[in-house]
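# Results of the structural survey
Here are the chains, one letter per residue:
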Amino acid sequence: MNPLVTPGIGLLFWQVVTFLLVLFLLSKFAWKPIMAALREREANIDHALSMAEKAKLEMQSLKADNERLLNEARAERERILKEATEAANHLVEGARAKANEEGQRMIENARLSIENEKKAALTEVKNLAATLSIDIAEKLIKRELQDEQAQRALVQSYLQEANLG
Amino acid sequence: MKKILVFLFALFTFSAQAAESAEGEKFSPGDMIMHHVGDDYTWHFADGVVLPLPVILYGEGKLDVFMSSNFYDEHHQLKPYKGYVMEHGHIYYANEEGEPKVVEGENGEEKHAAPLDLSITKNVASMFVSVLLLFLVFFSIAGAYKKRRGQGPRGVQSFFEPIIIFIRDEIAKTNIGPKYERFMPYLLTIFFFIWFNNLLGLIPGGANLTGNIAVTLVLALMTLLITVFSGNKSYWGHIFNTPGVPWWLKWGIPIMPLVEVIGIFTKPFSLMVRLFANITAGHIIILSLFSLIFIFESVAIGPVSVAFATFMNFLELFVALLQAYIFTLLSAMYFGGAVEEHDHHDDMGHGDAPYAVDAHH
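Residues numbered from 1 in each chain as written. Chains lettered and ligands numbered in written order. Predicted model: local features only at pLDDT ≥ 70, side-chain atom pairs only at ≥ 80, totals over all residues. Heavy atoms only, no water.

### Quick word on the interface of chain A and chain B
- With 35 residues of chain A at the interface, the matching set in chain B holds 51 residues.
- Carbon and sulfur atoms supply 79% of the area that chain A and chain B bury against each other, a total of about 3700 Å² over both sides.
- In this structure, Glu42(A) engages Arg168(B) in a salt bridge whose closest nitrogen and oxygen atoms are separated by 2.8 Å.
- Run the count over chain A and chain B and you get 8 residue pairs in polar contact (both at pLDDT 80 or more). (Contact = heavy atoms within 4.5 Å. Buried area = accessible area lost by both parts, 1.4 Å probe. Salt bridge = Lys/Arg side-chain N within 4 Å of Asp/Glu carboxyl O. Polar contact = N/O pair within 3.5 Å; in protein donor to acceptor, adjacent residues only side chain to side chain.)

Printed below as a string of structure tokens:
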């Protein structure tokens, strides 16, 4: 047989012994720590990545929270301002209304008293006029009744006018 | 960089020359190539730069350990030593004349008597170097992971980390599924073992370890054993009672179980042959290109050979990685098949859905 394809006993023996030894020693002292280190590092990297992702999400939620708080604060301010304005407006409005009312009332009072005064004055004028008229009429009648001639003429004229027919 | 390349090629050609001078007068490319892709008792880096390796022999109740340089005299000629003799790259018992002892085999044929040879050959030595490298690299990386816990990779660590993660995510996770973790040590080990040894084999003077059938045999055997021992009920059910197959092909004429059982062994067998053939072929091509220089006995062919060999070397660098990847990927796929929880009502991607429906209703 060709020596190339005839396995030599010596080499077979040494190959088995050496290879098993190499396999054992490398497995125990090289591959095991290396694989463990690689695994550990990959786990670390995975962990770090997931932590970063988590931090990012937290950051986002924090930011959203801040935004929300800010918005709330803004809304609150808006509300307070609005309320204050409203209250101020209300106050002014109330004061104005009250002043108006007071004025109105005073005017009304004034008007009423003027009216009363006027009425009283008028009544007085009327009474005075009546008294004057009665006085005048009394004086007139007194004077007329002194002249008989004239009395007769007047009765005559009335009668004519009545035209008793 | 350029200087290094030039140096590498010089080394490569020198070792080819060395082979020539060792073989004698006539240059035989076949012998030189077989010598280079095969195993050896010495590590021949370049002409004159030879590292003798220990020879370990066991036989007839005694263990002999000595350096392979004992087989050579001062003129680099082979000689018997301690009752052993080396011939054609094998060690046999020597007789009185210093020739290999001839004994009768079991079937009556004549053969050389050989002891059990557990020598640290060039391939074994190269494997030890690669193991040393593997330990050096990955223990230091493991240390870096412990020291710089939770931090990013640095230096060598950042070179190997993507590869390790690729094997985990693209090879193991995709092909094995949720139970991938228990196969990770094996997958990582074979990937880096094959890759490192492929690369070491490309260095001029390096051994052709992953192109040796014994090595790929052991690696494939490991994959086979792990597959078989991690096979779950549905894996064995698939083999002995393949869903979607008419009953008479399973119980009447047991073709399907037979085919499936053969399939258990052909899968790792293909792993063994693929790695062996790819790596050896690459070495043979590069060596053949250099042999052209000596066949044509012309300096003019040198640049052409070097250009082609450079191209081939880059291709082999890629093949070194590719074959390691393929071996690991296919192993992962076999493991995935063994631990997968099959739902017997779908067609499992075999395209036999209509039959499966018939079989179940």
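Read on for the rest.
### A closer look at the UniProt feature "transmembrane region" (unreviewed entry) in chain A
- The residues that UniProt annotates with the feature "transmembrane region" (unreviewed entry) are residues 12-31 of chain A.
- Along residues 12-31 of chain A, the helical share is 100% and the strand share 0%, with 25 Å between the first and last C-alpha atoms. (UniProt positions renumbered as here; feature names shortened; annotations may be inferred. Helix = DSSP H or I, 4+ residues; strand = E, 2+ residues; numbered from the N terminus.)

### A look at a nonpolar patch on the surface
Residue and element names in this part refer to chain A.
- Judged by side-chain polarity, Leu128, Leu132, Ile136, Leu140, Ile141 and Leu145 come together as a nonpolar surface patch covering roughly 600 Å² of accessible area.
- Inspection of the secondary structure puts Leu140 in helix α1 (residues 9-144).
- Note on Leu140: relative accessible area 43%, which makes it partly exposed. (Patch = residues over 30% accessible without salt bridge, like charges linked within 9 Å, V, L, I, M, F, W, Y side chains within 5 Å. Areas by Shrake-Rupley, 256 points an atom, 1.4 Å probe, with all protein chains shown as cover. Buried < 20%, exposed > 50% of the residue type's maximum accessible area, 1.4 Å probe, protein only.)

### Observations regarding the sheet that holds strand β3 (residues 54-59) of chain B
Residue and element names in this part refer to chain B.
- If you trace the 3 strands from one edge of the open sheet to the other, you get β4-β3-β9, paired in antiparallel fashion. Strand pairing shows two members of the sheet lacking a second neighbour, β4 (62-67) and β9 (116-117), which therefore form its edges.
- Note: β3 against β4, 6 bridges, orientation antiparallel. The partner of Val55 across the bridge, within β4, is Phe66. (Pairing = 2+ DSSP bridges.)

### Comments concerning the nonpolar core
- By size, the foremost hydrophobic cluster in this structure holds 85 residues, and its most contacted members are Phe138(B), Phe160(B), Leu187(B) and Phe192(B).
- At the level of secondary structure, the elements contributing two or more residues to this core comprise α1 of chain A together with α2 (29-37), α3 (122-147), α4 (156-176), α5 (184-202), α6 (213-230), α8 (255-296) and α9 (301-339) of chain B.
- Those residues within four positions of Leu187(B) in sequence are excluded, and the remaining contacts are Ile167(B), Ala172(B), Ile176(B), Thr328(B), Ser331(B), Ala332(B) and Phe335(B).
- Grouped together as the second largest cluster of nonpolar side chains are 10 residues, Phe71(B), Tyr84(B), Met86(B) and Tyr93(B) included. (Core = buried A, V, L, I, M, F, W, Y, C linked by side-chain atoms within 4.5 Å.)

### A short note on the UniProt feature "coiled-coil region" (unreviewed entry) in chain A
- Feature annotation in UniProt places "coiled-coil region" (unreviewed entry) on residues 45-120 of chain A, given in this structure's numbering.
- Annotated as 100% helix and 0% strand, the span residues 45-120 of chain A places its first and last C-alpha atoms 109 Å apart.

### Brief notes about the side chain of Thr216(B)
- Looking at the secondary structure, you find Thr216(B) in helix α6.
- Given the relative accessible area of 0%, Thr216(B) is considered buried.

### A closer look at the environment of Asp147(A)
Residue and element names in this part refer to chain A.
- Residue placement: Asp147 occurs in the loop between α1 and α2 (148-162).
- For Asp147, a relative accessible area of 39% translates into the label partly exposed.
- Placed 36 residues apart in sequence, Asp147 and Arg111 show a C-alpha to C-alpha distance of 52 Å.

### Comments concerning the UniProt feature "transmembrane region" (unreviewed entry) in chain B
- Mapped onto the present numbering, the UniProt feature "transmembrane region" (unreviewed entry) falls on residues 124-145, 183-203, 209-229, 275-296 and 308-335 of chain B.
- The annotated region residues 275-296 of chain B carries 100% helix and 0% strand content, and the separation between its end C-alpha atoms amounts to 32 Å.

### Quick look at the packing of aromatic side chains
Residue and element names in this part refer to chain B.
- For the structure shown, the criterion picks out 28 aromatic pairs over all chains.
- Geometrically, the ring pair formed by Phe166 and Tyr325 is tilted, given 5.8 Å between the ring centres and 45° between the ring planes. Of this pair, Phe166 sits in helix α4 while Tyr325 is found in helix α9, placing the two residues 159 residues apart along the sequence.
- Residue Tyr325 is classed as partly exposed on the basis of its relative accessible area of 29%.
- Summarising the aromatic geometry, the rings of Trp236 and Phe240 are spaced 6.2 Å apart at their centres and angled 15° between planes, so their arrangement reads as stacked. Separated by 4 residues within a single helix, Trp236 and Phe240 lie in helix α7 (residues 233-240), roughly one turn from each other.
- Under the relative-accessibility criterion, Trp236 is labelled partly exposed at 27%. (Phe/Tyr/Trp six-rings, centres within 6.5 Å; stacked < 30°, edge-to-face > 60°.)

### What about the pairing of strand β5 (residues 84-87) of chain B?
Residues and elements named next belong to chain B.
- As paired elements, β5 and strand β6 (residues 90-93) share 4 bridges and run antiparallel to each other. Of the residues in β6, the one forming a bridge with Glu87 is His90.
- The antiparallel hairpin formed by β5 and β6 contains 2 residues in its connecting segment, where His88 sits at a positive phi of about 50°.

### Some thoughts on the packing of α1(A) against α3(B)
- Packing of α1(A) against α3(B) leaves a shortest axis separation of 9 Å and a crossing angle of 15°. One way to sum up the angle between α1(A) and α3(B) is to call them roughly parallel. The way α1(A) lies across α3(B) gives a crossing that is left-handed.
- Split by residue class, the contact of α1(A) with α3(B) holds 23 nonpolar, 3 polar and 2 charged. (Axes fitted to C-alpha atoms, helices over the stretch in contact; angles between N-to-C directions. Parallel < 35°, antiparallel > 145°, perpendicular 65-115°, else oblique. Left-handed = near helix turned anticlockwise from the far one by under 90°. Nonpolar A, V, L, I, M, F, W, Y, C, P; charged D, E, K, R; others polar.)

### Quick word on the environment of Ile136(A)
Residues and elements named next belong to chain A.
- Tracing the sequence through the fold places Ile136 in helix α1.
- Overall, the relative accessible area of 49% leaves Ile136 in the partly exposed class.
- Taking the C-alpha atoms as reference, Ile136 lies 126 Å from Leu49; in sequence the two are 87 residues apart.

### Let's talk about the pattern of salt bridges
- Summed over all chains, the structure comprises 15 salt bridges over all chains.
- Note that Glu76(A) is salt-bridged to Arg79(A), the shortest N-O span being 2.9 Å. Of this pair, Glu76(A) and Arg79(A) both sit in helix α1, separated by 3 residues, roughly a single helical turn.
- Given the relative accessible area of 40%, Arg79(A) is considered partly exposed.
- One continuous salt-bridge network, built from bridges that share partners, spans Glu42(A), Arg168(B), Asp169(B) and Lys173(B).

### Re α2(A)
- Over its 15 residues, α2(A) extends 21 Å from the first C-alpha to the last, a length consistent with the 21 Å expected when each residue adds 1.5 Å.
- Where α2(A) terminates, the next one or two residues include Asn163(A), which has phi positive at roughly 45°. (Expected span 1.5 Å × (residues − 1).)

### Some words on the packing of α6(B) against α9(B)
Residue and element names in this part refer to chain B.
- Where α6 contacts α9, the axes come no closer than 8 Å and their chain directions differ by 20°. The orientation of α6 with respect to α9, classified from their angle, is roughly parallel. In this structure, the crossing between α6 and α9 has a hand that is right-handed. Along the contact surface, α6 presents Leu219, Ala220, Thr223, Ile226, Thr227 and Ser230, while α9 presents Phe327, Ser331, Tyr334, Phe335, Ala338 and Val339.

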